[in-house]
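Here is what each chain is made of, one letter per residue.
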Amino acid sequence: MPTIIHREFVHASAEVCFDLSRNVDIHTETTSHTRERAVGGVTSGYMEKGDHVTWEAIHLGVKQRLTAKIIEMERPHMFVDVMVKGAFHSFVHTHTFEPKKNGTIMVDHFHYKSPFGVIGRLADWLFLEKYMTNFLVGRARALKEIAENRHHTLR
C-alpha cells in the first residue's frame, strides 16, 4: 500500500492554505487538466467535517467518479478525507498545515490501496504511484500560486 508524502512551502498563513485546500471551487480550478468537477454532495464552497463530494474526472484516459468524505478537521491545522466510493480499494488523505515564519508548510500524506490485488500492486509499481505523486504535487503547486498571488481576491 503506497504512501505519498509531499511538502510545499507557501508564503501565506495556515488559515489561507487550509481554506483554499478545502474549497471545492478551488479544487476544480487546480485540477482542470483532468476536467475534474464536483457532481454530488458539496459542489461549491467550503467543505466541513462530515461533508462528502463526488468528483468526476478523466484520469489515465478514463472518465471516473470518486466520492470522498471529510472525517476529521481541526481548523486551521489539518483535515482528513477518505474515499467512500471509487476506483481505489481505499485511500486516506491527510492534509496538514504547519505555520512557519513567513508562511506555512502544506503537507499531503496520501495512503492508498489499489484494487485487484497483485495486478493493482503491479500497476502501482509501473505507473500509478508516479501518476498520483504528480497529481498531488501539481495541485499543491497550484494552491501555492493561488495563495501567494490571489488569495486576497477570494474572500
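Everything below is about the structure printed above this text.
Sequence order as written defines the numbering, with residues in each chain counted from 1. Selection of residues for local features in this predicted model requires a pLDDT of at least 70, selection of side-chain atom pairs for listing and counting requires 80 or more, and totals for whole chains, interfaces and linings are taken over all residues. Processing note: side-chain calculations cover all non-hydrogen atoms of the structure and skip hydrogens and water entirely.

Q: Help me out: how do you make sense of the overall build of the protein in this one?
A: A tally of regular secondary structure across the protein gives 3 helices and 7 strands. Throughout, the radius of gyration refers to the C-alpha atoms, and the reference size of a globule is 2.2 Å times the residue count to the power 0.38. A compact globule built from 155 residues should have a C-alpha radius of gyration of about 15 Å, and the protein, at 15 Å, falls within 12% of that. A principal-axis box enclosing the C-alpha atoms of the protein has dimensions of 45 × 30 × 30 Å. Three exposure classes are used, based on accessible area relative to the maximum for each residue type with a 1.4 Å probe and protein chains only: buried under 20%, partly exposed in between, and exposed over 50%. Looking at the protein residue by residue over its 155 residues, the buried ones come to 47%. Taking all contacts inside the protein whose residues are at least 6 apart in sequence as the whole, residues at least 24 apart take part in 48%. Accessible area for the protein stands at about 8,500 Å²; split by element, carbon and sulfur atoms hold 56% of it. Asp and Glu are treated as the negative residues and Lys and Arg as the positive ones, with His and the ends of the chain left uncounted. The atom standing in for a charge is NZ when the residue is Lys, CZ when it is Arg, CG when it is Asp and CD when it is Glu. If you average the places of the 20 positive and of the 18 negative side-chain charges in the protein, the two averages end up 3 Å apart. Each helix corresponds to a stretch of at least 4 residues labelled H or I by DSSP, and each strand to a stretch of at least 2 residues labelled E; elements are numbered beginning at the N terminus. Whether two residues are in contact is decided by their heavy atoms, any of which lying within 4.5 Å being enough. All accessible-area figures derive from a Shrake-Rupley calculation using a 1.4 Å probe, and residue coverage is judged against the displayed protein chains alone.

Q: For this particular structure, what's the right way to read the side chain of His95?
A: Note on placement: His95 falls in strand 6 (residues 90–100). For His95, a relative accessible area of 7% corresponds to the buried category. A polar atom in the side chain of His95 sits 3.5 Å from the side chain of Asp108. Ignoring anything within four residues of it in the chain, the contact list for His95 reads His77, Met78, Phe79, Asp81, Val107 and Asp108. For this analysis, a polar contact is any N or O atom pair within 3.5 Å, provided that within protein one partner can donate a hydrogen and the other can accept it, and provided that sequence-adjacent residues contribute only side-chain to side-chain pairs.

Q: What am I meant to see in the layout of surface pockets here?
A: Where empty space is left in the structure can be found by rolling a water-sized probe over the atoms. Put plainly, a pocket is an open set of points on a 1 Å grid over the protein atoms alone with protein on both sides within 12 Å along at least five of seven lines, a cavity is a set where a 1.4 Å probe fits but cannot get out, and a lining residue has an atom within 4 Å of a point. Grid points are joined across faces, edges and corners, and a volume is the space filled by probe spheres set on the points. A volume near 780 Å³ is recorded for the largest pocket. In this structure, the largest pocket is lined by 40 residues; those nearest its centre are His59, Leu66, Phe88, Phe91 and Met132. Counting residues per element, the ones that place at least two in the lining of the largest pocket are helix 2 (24–30), strand 3 (52–59), strand 4 (62–74), strand 5 (78–85), strand 6 and helix 3 (117–149). The dominant element in the lining of the largest pocket, judged by the number of residues it contributes, is helix 3, at 10 residues. When residue character is reported, Ala, Val, Leu, Ile, Met, Phe, Trp, Tyr, Cys and Pro are called nonpolar, Asp, Glu, Lys and Arg charged, and the others, Gly included, polar. Within the lining of the largest pocket, the residues separate by chemical class into 24 nonpolar, 9 polar and 7 charged.

Q: Looking at this structure, how should I read the sheet that holds strand 4?
A: Backbone-to-backbone hydrogen bonds pair the strands of a sheet. The strands run either parallel or antiparallel. Two strands make a pair as long as DSSP finds a minimum of two bridges between them. The 7 strands are arranged 1-7-6-5-4-3-2 in an open sheet whose pairing can be described as antiparallel. With partners counted over all chains shown, the strands left at the sheet margins are strand 1 (3–10) and strand 2 (37–41), one partner each. Ignoring strand direction, the axes of neighbouring strands in this sheet form an average angle of 25°. Relative to strand 6, strand 5 runs antiparallel, the two sharing 5 bridges. Residue pairing in the sheet places Val80 in a bridge with Thr94 of strand 6. The sheet strands contacting helix 1 (residues 14–21) are strand 1, strand 4, strand 5, strand 6 and strand 7 (103–113), and the helix crosses strand 6 at an angle near 160°. Here an angle of 0 to 180 degrees is reported between the N-to-C directions of two axes, which are lines fitted to C-alpha atoms, with helices fitted over the stretch in contact. Across the face of the sheet, helix 3 comes into contact with strand 1, strand 3, strand 6 and strand 7 while running at roughly 20° to strand 1.

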